[in-house]
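# Structure assessment
As a plain string of letters, each chain reads:
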Amino acid sequence: MFQLKAKLFDNQRVKDNYFRLLLRAPQIAELAQPGQFVQVKIGDGCQPLLRRPFSIHRISQGSPRHHVTTSPNYELIEILYEVLGQGTQLLAQKKAGEYLDIIGPLGNGFNYRATGDGRRATVLVAGGMGVAPLLFLADRIVTTLPLRLRSGQARHHVTRKTVVLLGAKTYRQILCEKDFKALGCAVKIATDDGSRGFKGKVTELLKNILVTSHKSQVTSQAYASCDIKYATIYACGPYPMLKAVSNIAKHYDITAQVSLEAHVACGIGACLGCVVNTRGGYQRVCKEGPIFNAEKIVW
Amino acid sequence: MKQTNLEVKIGKLRLKNPMMVASGTFGYAEEFKDFIDLRQLGAIVTKTITLAPRQGNPMPRTCETPAGMLNSIGLENPGIDKFIAEKLPALKKIGAPVIVSIASEDDPQEFTALARRLDKLKEVAGIELNISCPNIRGTTSPRHHVTRLIAQDAKAADEVVRAVRKVTKKTLITKLSPNVTDITEIALAAEKAGTDAVSLVNTFTAMSINVETRKPKIALAVAGLSGPAIRPIALRMVWEVYQKISVPIIGMGGIMDTSSALEFFLAGASCVSVGTANFINPRATIEIIAGIKQYLRENKIKDIKALIGNLNI
Ligand SMILES: Cc1cc2nc3c(=O)[nH]c(=O)nc-3n(C[C@H](O)[C@H](O)[C@H](O)COP(=O)(O)O)c2cc1C
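Let us now look at the overall build of chain B. Across its full length, chain B carries eight helices and 16 strands. Taking 313 residues into account, the globule formula puts the C-alpha radius of gyration at 20 Å, and chain B, at 18 Å, falls close to it. A sequence separation of at least 24 residues applies to 72% of the contacts in chain B between residues at least 6 apart. For chain B, the accessible area works out to roughly 12800 Å², and carbon and sulfur atoms hold 51% of it. Charged side chains of chain B number 41 positive and 30 negative; the gap between the two group centres comes to 4 Å.

Taken together, 24 residues form the shell around the ligand, and within it Ser23(B), Thr48(B), Lys175(B), Gly254(B) and Thr276(B) come nearest. In this structure, the ligand is bordered by residues of chains A and B. Lys175(B) places a polar side-chain atom, nitrogen or oxygen, 2.7 Å from an oxygen atom of the ligand. If the ligand stood free it would expose 600 Å²; the protein chains cover 98% of that surface. Here the ligand occupies the largest cavity. Residue classes in the shell around the ligand are distributed as eight nonpolar, 14 polar and two charged.

Next up on the list: the side chain of Thr112(B). Residue and element names in this part refer to chain B. Looking at where threonine 112 falls in the secondary structure, it is placed in helix α2 (residues 108-119). Since its relative accessible area comes to 11%, threonine 112 is described here as buried. What threonine 112 contacts, discounting residues up to four positions off in sequence, is Ala163, Val164 and Val167.

Under the defined criterion, the tally for this structure stands at 26 salt bridges over all chains. Two residues, Glu75(A) and Arg24(A), come together in a salt bridge whose shortest N-O distance is 3.6 Å. Highlighted residues: Glu75(A) in strand β6 (residues 74-82) and Arg24(A) in strand β2 (residues 18-24), separated in sequence by 51 residues. The exposure class assigned to Glu75(A) is buried, which follows from its relative accessible area of 14%. In this structure, Glu7(B) and Arg14(B) form a salt bridge, with 3.2 Å as the shortest nitrogen-oxygen distance. Owing to a relative accessible area of 54%, Arg14(B) belongs among the exposed residues under this scheme. Ionic contacts of the salt-bridge type, sharing partners, join the residues Arg20(A), Arg58(A), Glu78(A) and Asp179(A) into one network.

This part covers the sheet that holds strand β14 (residues 223-226) of chain B. All names here are of chain B. On the basis of which strands lie adjacent, the open sheet formed by four strands has the order β5-β6-β14-β11 and antiparallel pairing. Both edges of this open sheet fall to β5 (62-65) and β11 (204-206), since each of them pairs with a single strand only. This sheet shows a mean twist of 35° between the axes of neighbouring strands, independent of strand direction. Sheet topology note: the β5/strand β6 (residues 68-71) ladder contains four bridges and is antiparallel. The residue bridging threonine 65 from the neighbouring strand is glycine 68, located in β6.

Let us now look at the domain arrangement of chain A. Residues and elements named next belong to chain A. Segmentation of chain A into domains returns domain 1 (2-106) and domain 2 (122-296). Contacts between domain 1 and domain 2 engage 24 residues on the former and 23 residues on the latter. Taken together, both faces of the contact between domain 1 and domain 2 bury some 2000 Å²; the carbon and sulfur share is 62%. The interface formed by domain 1 and domain 2 holds three salt bridges in total. Our enumeration of links across domain 1 and domain 2 arrives at eight residue pairs in polar contact (both at pLDDT 80 or more). When residues of the side of domain 1 that touches domain 2 are traced back to their parent elements, those giving at least two are β1 (2-15), β2, β3 (37-41), β4 (52-55), β5 (58-61), β6 and β7 (99-106). Broken down by element, the side of domain 1 that touches domain 2 gets its largest block of residues, four residues, from β6. Here the side of domain 1 that touches domain 2 is composed, by residue class, of 14 nonpolar, five polar and five charged.

Right, let's talk about helix α5 (residues 231-242) of chain B for a bit. Residue and element names in this part refer to chain B. With 12 residues, α5 extends 16 Å from end C-alpha to end C-alpha; this agrees with the ideal 16 Å at 1.5 Å per step. Among the residues of α5, those classed as buried are Arg231, Ala234, Leu235, Met237, Val238 and Val241. Looking down the long axis of α5, one finds its buried residues gathered within 160° of arc, a one-sided arrangement. Tucked into the core, α5 has its buried residues touching α4 (183-192), β10 (197-200), β11, β15 (249-251) and α6 (258-267).

This part takes up the packing of α5(B) against α6(B). All names here are of chain B. Where α5 meets α6, the closest approach of the two axes is 8 Å, and the angle between their N-to-C directions is 25°. On the basis of their axis angle, the class for α5 and α6 is roughly parallel. For the element pair α5 and α6, the recorded crossing hand is right-handed. Of α6, the residues touching α5 (which contributes Arg231, Ala234, Leu235, Val238, Trp239 and Tyr242) are Ser260, Glu263, Phe264 and Ala267. Tallied by class, residues from the contact of α5 with α6 come to seven nonpolar, one polar and two charged.

Moving on, we get to the confidence of the model for chain B. Should pLDDT be low for a region, the predicted coordinates there are not to be read in detail. Per-residue pLDDT for chain B averages 95, and the proportion of residues at 70 or more is 96%. Quick note on the complex model: pTM equals 0.94, ipTM equals 0.94.

Each value, and the rule that gives it
Residues numbered from 1 in each chain as written. Chains lettered and ligands numbered in written order. Predicted model: local features only at pLDDT ≥ 70, side-chain atom pairs only at ≥ 80, totals over all residues. Heavy atoms only, no water. Helix = DSSP H or I, 4+ residues; strand = E, 2+ residues; numbered from the N terminus. Rg over C-alpha atoms; globule rule 2.2 N^0.38 Å. Contact = heavy atoms within 4.5 Å. Areas by Shrake-Rupley, 256 points an atom, 1.4 Å probe, with all protein chains shown as cover. Lys, Arg positive; Asp, Glu negative; His and termini not counted. Charge placed at Lys NZ, Arg CZ, Asp CG, Glu CD. Near = heavy atom within 4 Å. Polar contact = N/O pair within 3.5 Å; in protein donor to acceptor, adjacent residues only side chain to side chain. 1 Å grid on protein atoms, 1.4 Å probe; cavity = no way out; pocket = protein on both sides within 12 Å on 5 of 7 lines; lining within 4 Å. Sits in = over half its atoms within 2 Å of the grid points. Nonpolar A, V, L, I, M, F, W, Y, C, P; charged D, E, K, R; others polar. Buried < 20%, exposed > 50% of the residue type's maximum accessible area, 1.4 Å probe, protein only. Salt bridge = Lys/Arg side-chain N within 4 Å of Asp/Glu carboxyl O. Pairing = 2+ DSSP bridges. Axes fitted to C-alpha atoms, helices over the stretch in contact; angles between N-to-C directions. Domains from an automatic or database assignment. Buried area = accessible area lost by both parts, 1.4 Å probe. Expected span 1.5 Å × (residues − 1). Arc of directions from axis to C-beta. Parallel < 35°, antiparallel > 145°, perpendicular 65-115°, else oblique. Left-handed = near helix turned anticlockwise from the far one by under 90°. pLDDT = per-residue confidence, 0-100.

Here it is in structure tokens:
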């Protein structure tokens, strides 16, 4: 864990109320794992007083001079956020060149190591802003792991088997579709109002996919040869969505890891403010989490 | 020039500086080891420990309020046995004096049982009696938050402090509640009963409501307010108590930086504790120690003790 003053590289509106913040924080970027978060102090005074937690959305190299031949030198971390309250309003006003006091990387991160063996399919399920940590995860799944396998074919394999389900109220809240596609993931969309893709909840879409793959081994081109029966689900989104994902995973007897959101005060495990009820008693979302195996949670 | 002297004494305890951490805001210290050199702290006060493990209150337990926060943790802790087995060894290794905060939901006997256990342990430098936690009295309903704290009753406070005093010679600190009409009455009772120091203040009972859902923002509705919002009131209470008692005061409530810490010394505190600020800046304690040193040097004050209660009025 590091506390540092990170220089703001960029702070751009993606669309509507969604922004992308790019910070220079090499120590954090080097260590960061998908699913981990940073605590950001927005403003110097008491308004807001507490830090705000943000998932690490992506990490990248600071300058193009380091290149693929050597191991990448990660320097930048990216945060995807929606302007909702006082804190994010203030954050949206920050300009490149300013500094932000941040702490990270925090929490445990997804355990995605089982994913890249080329046999299992991976399904990422995002509800609204839940997409934030999943892009980093997808990136790691399709790049890092195949890189370790050192085989172009393996990479292709894993890519094909990574399905991303993006859910939102309307098409306007669908984020990162292009980014996932650029990674080679198959993207499916669900909107409550049907303005894009499947009309309904993203969890219904998830169920449909699982049902189809259970009925017939071979399904649509997006996940052909993808044996979804042995899939791992990674989900991030509102609590009811995660609960539904957990039930679905249980029903189909597949594993799911969920990223929980909570009222995080300290973010470092000191205040015990953000616990969740698990089969092993209360656990700290900011420390033992935010990623939990779905079956561990008492929903 | 000779180094500025930051040493203070509370009870038998000699602290190398007057910087402590407020119970419940510093975990068991290990949470902060990546950020600061823990040995530099004057003393470490643990999260409050109870006889039996406590799972604490339902969620949500915290929310932000103007210049402050509400918390309703409900003294979640592993209980004294697990604390001694699993937390104390690492705390001891740090090297800073360890003060163990203890409490009981409703049984004064528990305080003595806990104190007896701790009295035997060399690695425990002192005991803080948390008779002022507003989030205890294990109710699970937000409608039943009628809690009478020991720290709201001079007689009850006297009994608990007296009983614990009998079973331990370790430095004894009594933590007072601000949720009283006259805090000096309770401070006086604790002093007469043999406490070595008083610490004040614990959190103020308070509420916050989400008007869209019409639900309280904290599961049990009433919670404890801390942070800069309470500082002026906490300061006034330290000042009042300082004029009535002669044992040292550990001042806290919204200390965020050097100047807010200095306010407490001037109001009569011998030590200060940093609480909520640890969440915002995990380096706050260390930065404040450095800031106090600088202030003393700049004002040509050789000893922190010269500052205590030294208000120009
Ligand atoms: C999250 C949280 C947990 C706390 N837990 C305890 C506790 O276990 N025992 C205790 O005596 N005080 C506890 N307190 C009160 C603090 O020790 C301190 O008295 C109070 O927060 C005022 O100081 P501050 O404004 O600097 O935070 C807690 C405060 C907070 C914010």
